[in-house]
Amino acid sequence: MKRLDDVATVETPEQIELELPLAGVGSRAVAYLLDFLIQLIPVVIAMVLLVVALSLDLGLKGSADGIMRGRVPLVAAAVFSAVLFATNFLYFTIWDLAARGQSPGKRALKLRVVRDGGLAIDARSSLIRNLVRTVDMLPGFYVVGLVSVFWSRAHKRIGDLAAGTLVIRDEGAAVGELSVILGPAPSVLAPASALSAADRGLVHDYLERRHGLASATRDRLDRQIADKLAVRYGIDPRLPAAAILDELKGK
Amino acid sequence: MMVPAAAPVPGSGTLAGAVARLEELVERGRRHPRALARADLRDLPIVYRRAITALAEARARDVPIAQLARLERVLIAAHGLLYAPEPPRLGRAFAALLREIPEVVKRSGRALALAIGICALGGLWGYAVIRADPARAIALLSPELIENARNFKGGPTRAGDPLYGVFYFTNNAKVALTVYALGASFGLGTVVILLYNGIVLGGTLALVLSAGASSRFFSFVLAHGGIEMLAIFIAAAAGLEMGYAMLRPGWKRRGDALRDAAHATLPMALGAALLLSVAGLVEGWISPKPLAIATKALIGGSLLGAALLYLILGGRAHRRATGRAVLADGV
């Protein structure tokens, strides 16, 4: 698996490379916030039940001293701590398994957790990912997780590293013109607006290595690539080579 | 549901048809893992291959990336769905886990010894400090813990009830799962929690002895204490394994070493939680009852013995070892 910009590349068994678009920190944070709010719902319901049970019990006995002696408040308290535990430790794993890596928050933000190879997440990876959340939350406000996301190659928090998972953008099915795919190659058509896969690879690879070249070689290769691609993508070939490369990079 | 009268063979129609079918299958299959019918499962690989071949062809023809977006998107999803192993049924996964726990624990013997050692270190220190001067308890233990330790002097404060087990279980399982997960902090968090718990245990024991409440203390602790401590040690050993993998990744990348260790030792953390559910039940139900200390010790001893027996004899490793011995005899 290699990384170019914000994608993780995986090779399918058919030996075709697919690029998984990695999710950014912002959308992950918003998704988490949504999930956090949803997690509050069962907790608040259980809390209300507990309060109701306690006050009923108080009313029946007429004194504060019978609080935990009645069985009803005890049941309510047990339910409350079980609900708290379950939402803490199982909320994300249940969603990961039931909706193939999409908790409601992730669904709203069009994100999905997958295993490193792009496969649907399994129970063990999900459990590890969400248990290790404890480390990512240290020392508060997900500081460790944030540092790890910026530091690691595929935007992974520690939980993702330990579980072997990725959070990817998953826009779902979109409309697109499929007939073009098997039509004539675009190089014979009028100037295209977007770089083709091969040309984008060329420009990316070249720009990545360019700064390491001797200046004479660099100027020569700049010119060659600019001349080759400028006309194809409707850029004025008389511009300086560096400006053409800049334009190409933006496409 | 509308069913077309004569379903065309998928992949024989247009590419657009195949991709549309693939999109529909992926959408349904991901929402409910078992939502795909037999016919769907037959079609899935066919339309997937049709689409991925089209992608390969299009790339070879230099088709602009923007026009491939839809195809790539559905293929990423379909690949993730098609090649992921079928998730096992819950019962089967649980049975496999029960077989796996003893194997993993046995493999982590040294980590387990280290966890016990670290906790004992904290315990000895906490005991020594507070035994020397009980007034220092205020500095080491929270007021709540001190109050608890003092309370052993009085009679039983409440009757036992299995429902109390829920509180003990959730509380202890939280500690166990956290002590495991914190292994991913280069083991640092796991060591700190082990030391701290050791200090609390040693300190509490010292306080109780100073107050002359030892018989009540042991009456409460003996029945559940053994398996509870065992569970925490197992979870901590799993955390230490993770920490060690991060510190000494060997020839692996650090992240990969962490991932391998986390996956290998997860059964220990889950096993600890399982053991704690039993411990919690005993702690809530039997421990508060005013039974003879000998009875409590018998209950605690048999529980701990059963757990150790399961860990020592359980799992496939044992059977394999016997097999090897037989082979060795033959040779």
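Residues numbered from 1 in each chain as written. Chains lettered and ligands numbered in written order. Predicted model: local features only at pLDDT ≥ 70, side-chain atom pairs only at ≥ 80, totals over all residues. Heavy atoms only, no water.

1. Re the interface of chain B and chain A
Of the residues lining the interface, 64 residues belong to chain B; the matching set on chain A comes to 71 residues. Across the interface of chain B and chain A, roughly 5,700 Å² is buried in total on both sides, 67% from carbon and sulfur atoms. On the surface where chain B and chain A come into contact, there are 4 salt bridges. A salt bridge links Asp116 of chain A to Arg259 of chain B; its shortest N-O distance comes to 3.8 Å. Every element with two or more residues in the side of chain B that touches chain A is listed here: helix H1 (15–31), helix H2 (38–60), helix H3 (65–82), helix H4 (90–107), helix H8 (164–181) and helix H11 (254–285) of chain B. Per element, the largest residue contribution to the side of chain B that touches chain A is 12 residues, and it comes from H3 of chain B. A breakdown of the residues in the side of chain B that touches chain A according to their chemical character gives 39 nonpolar, 10 polar and 15 charged. (Contact = heavy atoms within 4.5 Å. Buried area = accessible area lost by both parts, 1.4 Å probe. Salt bridge = Lys/Arg side-chain N within 4 Å of Asp/Glu carboxyl O. Helix = DSSP H or I, 4+ residues; strand = E, 2+ residues; numbered from the N terminus. Nonpolar A, V, L, I, M, F, W, Y, C, P; charged D, E, K, R; others polar.)

2. Remarks on the layout of surface pockets
Reported here for the second largest pocket is a volume of approximately 1,200 Å³. Around the second largest pocket, the lining is made up of 35 residues, and of these Leu97, Ala123 and Leu127 of chain A together with Leu90 and Ala93 of chain B lie nearest the centre. Counting only elements with at least two residues in the lining of the second largest pocket, the list comes to helix H2 (71–98) and helix H4 (123–131) of chain A together with H4, H8 and H11 of chain B. Residue composition of the lining of the second largest pocket, grouped by class: 25 nonpolar, 2 polar and 8 charged. (1 Å grid on protein atoms, 1.4 Å probe; cavity = no way out; pocket = protein on both sides within 12 Å on 5 of 7 lines; lining within 4 Å. Points joined across faces, edges and corners; volume = space filled by probe spheres on them.)

3. What about the side chain of Asp136 of chain A?
Structurally, the position occupied by Asp136 of chain A is in helix H5 (residues 133–136). From its side chain, Asp136 of chain A meets the backbone nitrogen of Gly159 of chain A in a polar contact 2.9 Å long. (Polar contact = N/O pair within 3.5 Å; in protein donor to acceptor, adjacent residues only side chain to side chain.)

4. A few points about the pairing of strand S5 (residues 165–169) of chain A
All names here are of chain A. Among the 5 residues of S5, 4 are classified as buried, and the element is accordingly described as predominantly covered. As judged from the 5 bridges shared by strand S4 (residues 111–115) and S5, these two strands associate in the antiparallel manner. Bridged to Arg115 within S5 is Thr165. (Buried < 20%, exposed > 50% of the residue type's maximum accessible area, 1.4 Å probe, protein only. Pairing = 2+ DSSP bridges.)

5. A few points about helix H10 (residues 241–250) of chain A
An α-helix turns once every 3.6 residues. As a result, residues three or four positions apart point the same way. All names here are of chain A. What H10 keeps buried is the set Ala241, Ile244, Leu245 and Leu248. Axial view of H10: buried residues confined to an arc of 100 degrees, hence all on one face. Residues of H10 that are exposed and point over 90 degrees away from its buried face: Asp246, Lys249 and Gly250. Check the buried side of H10 and you find it contacts helix H8 (197–210) and helix H9 (215–230). (Arc of directions from axis to C-beta.)

6. Considering the pattern of salt bridges
Across all of its chains, the model carries 25 salt bridges over all chains by this definition. For Glu100 of chain B, the salt bridge is made with Arg124 of chain A, and the minimal N-O distance between the two is 2.8 Å. With Glu100 of chain B in helix H4 and Arg124 of chain A in helix H4, the pair connects residues from two separate chains. By relative accessible area, which is 23% here, Glu100 of chain B ends up partly exposed. The partly exposed category is assigned to Arg124 of chain A, whose relative accessible area is 25%. A salt bridge links Arg136 of chain B to Asp133 of chain B, with the shortest nitrogen-to-oxygen separation between them at 3.9 Å. Among the residues examined, Asp133 of chain B registers a relative accessible area of 29% and is labelled partly exposed.

7. Quick look at the nonpolar core
Ranked by internal contacts, the top residues of the largest apolar core, which has 55 residues, are Ile128 and Val132 of chain A together with Tyr180, Leu194 and Ile234 of chain B. Those residues in contact with Tyr180 of chain B that sit more than four places away from it in its chain are Ile128 and Leu131 of chain A together with Ala235, Ala238, Gly239, Met242, Ala262, Thr265, Leu266 and Ala269 of chain B. Of all hydrophobic cores here, the second largest spans 33 residues; its members include Ile16 of chain A together with Ala18, Leu36 and Ala77 of chain B. (Core = buried A, V, L, I, M, F, W, Y, C linked by side-chain atoms within 4.5 Å.)

8. Structural notes on the packing of aromatic side chains
This model, assessed by the stated rule, comprises 9 aromatic pairs over all chains. With a centroid separation of 5.9 Å and 70 degrees between ring planes, the pair formed by Tyr48 of chain B and Tyr83 of chain B is classed as edge-to-face. Within this pair, whereas Tyr48 of chain B is found in helix H2, its partner Tyr83 of chain B is found in the loop between H3 and H4, the two being separated by 35 residues in sequence. On the basis of relative accessibility, which here comes to 26%, the residue Tyr83 of chain B falls in the partly exposed class. Among the aromatic residues, ring-to-ring pairing joins Tyr32, Phe36, Tyr91, Phe92 and Tyr142 of chain A into one connected group. Against the face of Phe92 of chain A rests Arg133 of chain A, its NZ or CZ located 4.1 Å from the ring centre. Positioned above the aromatic ring of Trp251 of chain B is the side chain of Lys252 of chain B, whose terminal nitrogen or guanidinium carbon lies 5.8 Å from the ring centre. (Phe/Tyr/Trp six-rings, centres within 6.5 Å; stacked < 30°, edge-to-face > 60°. Lys NZ or Arg CZ within 6 Å of the ring centre and 35° of its normal.)

9. Some words on unusual backbone geometry
All names here are of chain A. Geometrically, the link from Leu138 to Pro139 is a cis peptide bond, its omega value of -20 degrees lying close to zero. For Arg100, which is not glycine, the phi dihedral falls at a positive 50 degrees. Located in the positive-phi region is Lys110, a residue other than glycine, with phi close to 60 degrees. With respect to the element layout, Lys110 can be found in the loop between helix H3 (104–108) and S4.

10. Considerations on the environment of Leu44 of chain B
With respect to the helices and strands, the residue Leu44 of chain B is situated in helix H2. Setting aside its immediate chain neighbours within four residues, Leu44 of chain B contacts Leu22, Leu25, Leu36 and Leu82 of chain B.

11. Points about a nonpolar patch on the surface
Residues and elements named next belong to chain A. A grouping of Phe36, Leu37, Leu40, Val44, Val48, Val52 and Leu56 is seen on the molecular surface, where their side chains present a nonpolar patch of about 610 Å² in accessible area. By the element assignment, Val52 lies in helix H1 (residues 25–61). Val52 sits in the partly exposed class, given a relative accessible area of 42%. (Patch = residues over 30% accessible without salt bridge, like charges linked within 9 Å, V, L, I, M, F, W, Y side chains within 5 Å. Areas by Shrake-Rupley, 256 points an atom, 1.4 Å probe, with all protein chains shown as cover.)

12. Observations concerning the environment of Gly117 of chain A
Residues and elements named next belong to chain A. You can see Gly117 is positioned in the loop between S4 and H4. On the basis of relative accessibility, which here comes to 35%, the residue Gly117 falls in the partly exposed class. C-alpha separation for the pair Gly117 and Arg223, spaced 106 residues apart in sequence, amounts to 39 Å.

13. Re the pairing of S4 of chain A
By the criterion of burial, S4 of chain A is predominantly enclosed, with 5 of the 5 residues buried. Burial along S4 of chain A is two-sided: the face carrying Leu111, Val113 and Arg115 of chain A and the face carrying Arg112 and Val114 of chain A are both buried.

14. Structural notes on the confidence of the model for chain B
All names here are of chain B. Summing up the model confidence of chain B, the mean pLDDT is 85 and the portion of residues at 70 or higher is 88%. Long-range and interchain partners of residues 323–331, a stretch whose pLDDT sits below 50, account for 0 contacts in this model, where long-range means more than four residues apart. Taken over the whole predicted complex, pTM reads 0.81, whereas the ipTM for its chain interfaces reads 0.87. (pLDDT = per-residue confidence, 0-100.)

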